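# Notes for the structure review
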Amino acid sequence: MGSFRGMAHSAMGQRLVACLLNVSEARRKELVETVARAAVFDSNGGRREGTTVLNIFNDQDYNRSVITIVASIDCIREAVLSACEQACGLIDMSAYAGGHPTMGAVDLVPLYPLGEEVGLGDCAKEARAVAAGLTERVSGTSAFFFGWADLPQHRGLAQRRKEMGWFRKNPDTGASRPDMGPLPQKRYGLTGIGASPYVMNCNVTIDTQDLALGRSVAMAIRESTPGGLPGVQVLALPHEGAVEIACNVESIKGNPPSQVGEREEPWPTFSIGGQLYCHAPASLITARVAELAGRQGVATKGTALVGFTPRECRVLAERALSLGIAEFWKERSRVHM
């Protein structure tokens, strides 16, 4: 029996998809939890099979939360759609105030394959179906596509956000041309929906209020700068009286870059459909930020990982689903890690 359970366990893991749902609310915690519950329970309170919420990351200062939803490829669409629908009913973007760039009540819906049997094409198909379902169910919502869901170009999230004006201080959502739905309305704004290899969020806080200094650190480590870190997209943002170097750590194709220093942690690797991917480890990003800020006499205050590494995400999801735990975010402190 034991070996059969193990087989079922790993077979389930091979079909998993993660969605790190970004919503523009964190100060009303119960509201965010209501959105998370919509992913794992239907409107009658019945449990959705094969679905779990691993984590809820609230940032009060940014007024932004990230909900980590994991489900099998067959269940992910309905789980994510239900959470988005709930969020759109509860969050009014016309009344939004927060320190993080955002354009939508549901700002970002990225789907990431976690298991070998799920390809980027599968996730792209589900992402496009989520966009179609959302604009149908919630009249007035609109979306743009990125990554593998952006056909035929596969433009990355940073590029699409730039095109939509997401990085501007006060973006004019009404001027953006969505890929689906009407011109963006003030209440819902505009939602980015897409599929890509896993993107980890790693935020390093530096002990200064000097945003220009923060921006110089951000520029030095971002992928587009010569000598920057491959796959790393960076913003410097004021945060809780300091500056946060907020990094989107994208997974890149192929073998890890050759190690620069002997003491550096190796780049974690994983595969999607036989293709190897790797990502910069949080320890390397932290060390690089510490070194650059330190040259200007500024110390780091700490590093926060929003959610998990790709490997942690899959391991925890397999555990949560094998134990039948829908709200794993509540249980994590009680379940032995």
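Remember, predicted model here, so these are calculated numbers, not experimental data.

Looking only at helices and strands, the chain has nine helices and 13 strands in total. Scaling as 2.2 N^0.38, a compact globule of 337 residues should have a C-alpha radius of gyration of about 20 Å, and the chain matches this with 19 Å. Its C-alpha atoms give the chain principal-axis dimensions of about 55 × 50 × 40 Å. Every one of the 337 residues in the chain was classed for burial, and the buried ones make up 52%. Pairs at least 24 residues apart make up 71% of the contacts formed inside the chain by residues separated by at least 6 positions.

This paragraph deals with the side chain of D107. Secondary-structure assignment places D107 in strand β4 (residues 106–113). A distance of 3.0 Å separates the side chain of D107 from the side chain of W166, its partner in a polar contact.

Attention now moves to the confidence of the model for the chain. Within the chain, residue pLDDT values average 90, and 92% of them lie at 70 or more. Low pLDDT, under 50, characterises residues 1–9; the stretch is placed with four contacts to residues that sit more than four places away or in other chains.

Our next topic: the environment of I69. Along the chain, the position of I69 falls in strand β3 (residues 64–72). Note: C-alpha distance between I69 and C19 (50 residues apart in sequence) is 5.1 Å. Setting aside chain neighbours within four positions, we find I69 in contact with V17, A18, C19, L21, A39, T51, T52, V53, I76, A79, V80 and A83.

Time to look at the sheet that holds β3. A sheet is described by the order of its strands in space; here six strands give the open sequence β2-β3-β1-β4-β6-β5, paired in mixed fashion. The open sheet is flanked by β2 (51–59) and β5 (142–147), the only strands paired with a single partner. Taken over all neighbouring pairs, the strand axes of this sheet differ in orientation by 15 degrees on average, direction set aside. Here six bridges tie β5 to strand β6 (residues 190–195), and the two strands are oriented parallel to one another. Residue pairing for β6: A143 is matched across the bridge by T191. Strands β3, β4, β5 and β6 of the sheet are contacted by helix α5 (residues 157–164), whose axis makes an angle of about 145 degrees with β5.

Another aspect to go through is the environment of G254. One can find G254 in the loop between β10 (252–253) and β11 (269–272). Note: C-alpha distance between G254 and S271 (17 residues apart in sequence) is 9.4 Å. Beyond its immediate chain neighbours, meaning those up to four positions away, G254 contacts Q275, L276, Y277 and C278.

Turning our eyes to something else, we now look at the packing of aromatic side chains. We describe a pair of aromatic rings using the distance from one ring centre to the other and the angle between the two ring planes. One pass over the structure, following the stated rule, counts two aromatic pairs. Each ring, one from Y112 and one from Y198, has its centre 5.0 Å from the other, and the planes form 45 degrees; the classification is tilted. Here Y112 is found in strand β4, whereas its partner Y198 is found in the loop between β6 and β7 (199–206), with 86 residues between them in sequence. Summarising the burial analysis for this pair, Y112 and Y198 share the class buried. With centroids separated by 6.0 Å and ring planes inclined at 20 degrees, the aromatic side chains of F270 and Y277 adopt a geometry described as stacked. Assessed through its relative accessible area of 17%, F270 is described here as buried. Look at Y277 and you get buried, because its relative accessible area is 5%.

Let's shift gears to the nonpolar core. Counting residues in each nonpolar core, the largest one holds 49 residues, and the members touching the most others are L54, Y198, I221, I245 and I285. Counting 46 residues, the second largest nonpolar core, distinct from the first, contains V17, I56, V80 and A326.

Residue alternation in β11 divides its side chains into a buried set, F270 and I272, and an unburied set, T269 and S271. The sheet contact formed by β11 and strand β12 (residues 275–278) spans four bridges and is antiparallel. The residue of β12 that forms the bridge with S271 is L276. Linkage of β11 to β12, two consecutive antiparallel strands, is achieved through a turn of two residues, within which G273 is found at a positive phi near 55 degrees.

Rules behind the numbers
Residues numbered from 1 in each chain as written. Predicted model: local features only at pLDDT ≥ 70, side-chain atom pairs only at ≥ 80, totals over all residues. Heavy atoms only, no water. Helix = DSSP H or I, 4+ residues; strand = E, 2+ residues; numbered from the N terminus. Rg over C-alpha atoms; globule rule 2.2 N^0.38 Å. Buried < 20%, exposed > 50% of the residue type's maximum accessible area, 1.4 Å probe, protein only. Contact = heavy atoms within 4.5 Å. Polar contact = N/O pair within 3.5 Å; in protein donor to acceptor, adjacent residues only side chain to side chain. pLDDT = per-residue confidence, 0-100. Pairing = 2+ DSSP bridges. Axes fitted to C-alpha atoms, helices over the stretch in contact; angles between N-to-C directions. Phe/Tyr/Trp six-rings, centres within 6.5 Å; stacked < 30°, edge-to-face > 60°. Core = buried A, V, L, I, M, F, W, Y, C linked by side-chain atoms within 4.5 Å.

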